[in-house]
Amino acid sequence: GSEERKFVNTEVQELKAELNRIANTTEFAGTKLLNGEGKLFEFQVGVKGGEDNRISYDASKNDARISALGIGSIKVEEKTGARDALDVIDSAITKIGSMRAGMGAIQSRMSSTINNILTYRENISSARSRIADADIAADVRPRSLQGDQRSARPSLRRRRACGSRRAHEGRA
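This write-up is about the structure you can find in this document. (Residues numbered from 1 in each chain as written. Predicted model: local features only at pLDDT ≥ 70, side-chain atom pairs only at ≥ 80, totals over all residues. Heavy atoms only, no water.)

### As for the pairing of strand S4 (residues 54–58)
In S4, alternate side chains face the same way, and those of Ile55 and Tyr57 are buried while those of Arg54, Ser56 and Asp58 on the opposite face are not. Where strand S3 (residues 40–44) and S4 come together, 5 bridges link them in antiparallel fashion. Looking at the pairing, Glu42 lines up with Ser56 of S4. (Buried < 20%, exposed > 50% of the residue type's maximum accessible area, 1.4 Å probe, protein only. Helix = DSSP H or I, 4+ residues; strand = E, 2+ residues; numbered from the N terminus. Pairing = 2+ DSSP bridges.)

This is the structure:
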């Protein structure tokens, strides 16, 4: 009955107050994000400057306060008010859904960019490692050849010496 509607209306008014609180207190770097008074954020996401390497978020386009959502005056303590509130609430849900979709799209772009940068960094690190390995191999190879030549000289002398002994023994 009417008593229960008053209880529901009390809850609706508290929820509206909470929506306003969230809209007025959500911030990033000291800038309000959900009350329509924010600023344009531009995030540099590429190695080169320019429009193509920036992701932008315009906080002034997102206003989640109850006045902007059109739910500031709803009351549900009477049947007619409760029925009329449904259309207004549906419209507010659509506005919030649109804001969430925009923020979600930006978040997806940021995540993709982060993954791209991590892959780029891993590829650069791998390339550096291969270059360093090639440099070390190029440096070690001449030393190794010199060492092989040095160790080969005594064995050649031994073979020559053995060969000449056999030749002398065979003549004798």
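Having seen the structure, we can now continue with the description.
### Some thoughts on the environment of Thr26
Checked against the element boundaries, Thr26 lands in the loop between helix H1 (2–25) and strand S1 (27–28). Discounting chain neighbours no more than four positions away, the residues touching Thr26 are Thr31, Lys32, Leu33 and Leu34. Polar side-chain contacts of Thr26 include one of 2.7 Å to the backbone oxygen of Ile22. (Contact = heavy atoms within 4.5 Å. Polar contact = N/O pair within 3.5 Å; in protein donor to acceptor, adjacent residues only side chain to side chain.)

### Things to note about the nonpolar core
In this structure, Leu33, Tyr57 and Ile71 are the most contacted members of the largest nonpolar core, which totals 20 residues. For this core, the elements supplying multiple residues, two or more each, are H1, S4, helix H2 (66–69) and helix H3 (79–171). Sorting elements by how many residues they give to this core places H3 first, with 5 residues. Each residue touching Leu33, except ones within four places of it in the same chain, is listed here: Thr26, Glu27, Phe28, Phe41, Tyr57, Ala59 and Asn62. (Core = buried A, V, L, I, M, F, W, Y, C linked by side-chain atoms within 4.5 Å.)

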